Structures are given as structure tokens and as C-alpha cells.
Amino acid sequence: MIMKTMKIGDLTNKIGSGVTPRGGEKVYQLEGTSLIRSQNVYDYQFVKNGLVFIGEDVAARMKGVEIYRNDVLINITGDSIGRCCIVPDDAIPARVNQHVCILRADRSRLNPRYLMYYLNEPMNKNQLLNQAHGGTRKALTKGILESFEINVPPLSIQERIVEILGSLDEKIELNRRMNETFEQMAMALYKHWFVDFAPFEEFMDNDLPIGWRWGTLNEISYVHKVQVDPSELDETCPYIGLEHMPKGNVTLEEWENSNKVTSHKFMFGKGDILFGKLRPYFKKVGVAPIDGVCSTDILVLKPLKNEYFGMLFGQVIQDAFIDYCTSTSGGTKMPRCDWKEMAKYNVPIPPDSIRNEFNQKTAAFVDQIVANIHENRALIETRNYLLPRLLSGEIEVRAAEEQVEEVLAGG
């Protein structure tokens, strides 16, 4: 494959960071023009959680950092430096703040998604970050990005590479959206049955359906606190820390091997509910898709009986429960909730027949979420295997197309 080595600055029409609107958070609105910040930019994906908006006047003053369709975004400062993605169409109109840089490809010579994949390839990312300025707080300047050299094949080959990798990313994104839907359905189902009591017609004086009673969370669940010494762990044992748990999303798709673990951790099993107790307002809650160990800042919740799982899961992902945990947390800068207070939370407890029926419905949602997580892990592994080989020409485009077709057909 014929490759040319060229500077990004020679292949783009714009390289420039954003600005912070005057007034800071005070100018944020519930809707309007998107203001993209570093927390929205991840490797390969744009995350809408935490996306804020600004009004027409502010957006007009930030016209110089307007986002166009297919612009590549890269974080240029902070812990997330180097994370890179394409802005999705439904986030436009948009502006970026000073921690994010816009890379606008010259479409006659450079496919923007090829650029995004190139900058996310681990060796290329390391090369770029090695040039970052600063001590403890690294920064990528416009000059560094302009002069960074990339290998580019003809545009037609770029487009085929993008199509191959993009087909994997489209399936990954589809699975993520499906999991968001399953989570919303589980939340809505719990509210329908256990908050609004909508399926039931006859009620007692305490406003509960006949046969129900009020109880507390510790009547249906407990915290599993089994610590393990890192020296006892197989280095391939999965480890989940708070940094692996997404905010406001039950899909626990990330974990790493425990070979870097140096302190005692809690053990958990597949199907256990993991609840981040540090700053509970971040709502880091999810169902473990594998057996492993986790940070001691994560509570491992188990139902007292299998049929209580649906009630427990439905309860702990409700915003009202998260608010309760936040209000009962201890500490100011880094508040933590604890099981003693969580256990007191009032929950309506139905008869066995209703409990079992609800559990089956909720378990079906959770099973699908876990299945999608494992499929995405396989898709990501395939993409990460193909990415450097396609960019270097080590693997033929046609061979990669056949491999991806097999993977997607198997999914």
C-alpha cells in the first residue's frame, strides 16, 4: 500500500482550541447550542452525559470555535489529554471549550474518520503525547498538532479502512444505545409497579396494594464484604475500579487485569450489583458482567434471595434512592455513603407471586445488557487488533473486510 508521510497541518483546514464562555457555568442553559467539554470526548466515542448548552447570544460570541459536521475533536489538557472522537450530527450546533481542540480535515486529501482512528491508535497516541508540553499538567499545543506527522494512503484506501473499522464501531454504538434503552425500561418498570402501583386496583389504608407491606432495603439485600489480598490474585483476574464505572449508566463495559492491584480488594461475582459509594451523586451503579475484584470504594450488593434481585436492582438505580444516598453521605469534599444508612431505606415489599413475576421481567433486561457488554468487548478487541495493522498496511484491506464480516455475522 502506497503511503505518504505528511504533517496534520498540511492536511487540515483548521486546527484550533475552543474558549470558555464569559460567566462560566452561569451561562449554561437546559437547551440551545451544545458546549462540548473534555468530559464529552472519549476515545472513538462522544459521550452526551454532562453535555451542557448555551444560548444564542453566547454562541454568537463563540462563532470562531463553531463545530462543523465530521470535525475531529481531541482533548489537549488534563487527565484525558489525547482522547479523540468525531462529533455526532445530533450534537450540532456546537462550540468547544478551551480544553478541546478542533481538527477540520481537508476532505480532498484526508478522511476525518481516518484521522480520528490514526490518532487513537495506541502507538500514534503515545508518540503524540510524548510531545506534550508541561510537567504534571501536560498540554498539546496547536503547533504540536500542526507538525505531527501521519501516514496517509490514497483517499480511496482511507475510505475503505474507515468503512471496515466504522462497521465495528456502529455495532458497538448500537449495543450501547440498546443497553441505555434496557436500563430505562427497567427503571420505568420498577416505578410503574413499586412507586405508582399502576397494575394494582385494590389498596389498603397505608396506600399500598393489598398484600404488600413496607420494609427496608436490608430486608431484601446485603453487602458482600469479602476482601482478598492482591498476592492471592491470578494476574488475569478482572478488576473494576471507580474509574471503570460510567456515570449514570449501568453498563459496566470496562475493566482491566488485576496485575497492577497493590492493596486489598473486594470480591464480586457475575450478577452482583456494584454501587460506587464515593460521591454517590455520580450514580455509578451497574451489574457485574463477570467474576472479579473491585475497589473498596465500591459496595457489592447481593439480594437475600434470588427472586429479590429485580426489586434490588430496580430500587438502587432510581434517582430518588441516589438522592437519599447523597443526602446521608458523610464528608464534604469527597462524600461517601455507607450501608448503615442505605439499609434503612424504605421499600415496598409485595407478595411472593408479584416479586417473582417482576424479577423475571427485570432479569430479562439485565441478561440482555450483559450479553451486549460481552459482544462489545469482542468487537472492541477485533477493532483494536485490526487498527494498527490496517494503518501500517500489514494486513490487506480485503482480508480485513472478510474478517469483520465474519465477526459481525457471528454477533
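Residues numbered from 1 in each chain as written. Predicted model: local features only at pLDDT ≥ 70, side-chain atom pairs only at ≥ 80, totals over all residues. Heavy atoms only, no water.

As named in an unreviewed UniProt entry, the protein chain is Type I restriction-modification system subunit S, taken from Xylanibacillus composti. Turning to the protein chain, the UniProt annotation filed under Sequence similarities (unreviewed entry) states: "Belongs to the type-I restriction system S methylase family." (UniProt positions renumbered as here; feature names shortened; annotations may be inferred.)

Q: Is there a simple way to explain the environment of R279 in this structure?
A: For R279, the location among the structural elements is in the loop between β17 (273–276) and β18 (285–287). Owing to a relative accessible area of 27%, R279 belongs among the partly exposed residues under this scheme. In sequence terms R279 and M334 are 55 residues apart; their C-alpha atoms lie 6.1 Å from each other. If we skip the residues at most four places from it in the chain, R279 touches K333, M334 and P335. (Helix = DSSP H or I, 4+ residues; strand = E, 2+ residues; numbered from the N terminus. Buried < 20%, exposed > 50% of the residue type's maximum accessible area, 1.4 Å probe, protein only. Contact = heavy atoms within 4.5 Å.)

Q: Mind showing me how you'd approach the packing of helix α2 (residues 112–120) against helix α9 (residues 352–392) here?
A: Working note: a packed helix pair is described by the angle between its axes plus the distance between those axes. Relative orientation of the contacting elements α2 and α9 amounts to 105 degrees, with a least axis distance of 10 Å. Taken together, the axis directions place α2 and α9 in an arrangement best described as roughly perpendicular. For the pair α2 and α9, the contacting residues are Y114, Y117, Y118 and N120 in the first and R383, L387 and L391 in the second. (Axes fitted to C-alpha atoms, helices over the stretch in contact; angles between N-to-C directions. Parallel < 35°, antiparallel > 145°, perpendicular 65-115°, else oblique.)

Q: Sorry, what's going on with the UniProt feature "domain: Type I restriction modification DNA specificity" (unreviewed entry) in the protein chain here?
A: Residues given the UniProt feature "domain: Type I restriction modification DNA specificity" (unreviewed entry) here are residues 39–181 and 215–376. Annotated as residues 215–376, this span is 28% helix and 22% strand, and its ends, taken at the C-alpha atoms, are 38 Å apart.

Q: What exactly am I supposed to notice about the packing of aromatic side chains here?
A: For any pair of aromatic rings, geometry is given as the distance between the ring centres together with the angle between the planes. Summed over the entire model, instances satisfying the criterion amount to 18 aromatic pairs. Each ring, one from W193 and one from F358, has its centre 5.5 Å from the other, and the planes form 50 degrees; the classification is tilted. Highlighted residues: W193 in helix α5 (residues 155–195) and F358 in helix α9, separated in sequence by 165 residues. Through successive ring pairs, a cluster of aromatic residues spans Y190, W193, F194, F197, F200, F203, W212 and F358. Taking the ring centre of F282 as reference, the NZ or CZ of K247 above it sits at 4.1 Å. Geometry around W255 places R377 over its ring, the cationic atom sitting 3.7 Å from the centre. (Phe/Tyr/Trp six-rings, centres within 6.5 Å; stacked < 30°, edge-to-face > 60°. Lys NZ or Arg CZ within 6 Å of the ring centre and 35° of its normal.)

Q: Is there a simple way to think about the pattern of salt bridges in this case?
A: Note that side chains of opposite charge can pair when their charged atoms are close. Going through the model one piece at a time under the given rule, you end up with 19 salt bridges. Note that K48 and D90 form a salt bridge whose closest N and O atoms lie 2.5 Å from each other. Of this pair, K48 sits in the loop between β4 (33–36) and β5 (52–54) while D90 sits in the loop between β7 (84–86) and β8 (94–96), and the two are 42 residues apart along the sequence. Judged by relative accessible area, D90 falls into the exposed class, the value being 55%. Residue E219 pairs with R213 through a salt bridge whose shortest N-O separation is 2.9 Å. Via salt bridges that share partners, R160, R398, E401 and E402 belong to a single interconnected network. (Salt bridge = Lys/Arg side-chain N within 4 Å of Asp/Glu carboxyl O.)

Q: Help me understand the sheet that holds β18 in this model?
A: Within a sheet, neighbouring strands are paired by backbone hydrogen bonds and run either parallel or antiparallel to one another. Judged by pairing direction, the sheet is antiparallel, and its four strands sit side by side in the order β12-β20-β17-β18 without closing on themselves. Lying at the two open borders of the sheet, with one neighbouring strand each, are β12 (221–223) and β18. Between one strand axis and the next, the sheet turns by 25 degrees as a mean value, whatever way the strands run. Sheet analysis places β17 next to β18, joined by three bridges and oriented antiparallel. When the sheet's bridge partners are listed, L274 is paired in β18 with G286. (Pairing = 2+ DSSP bridges.)

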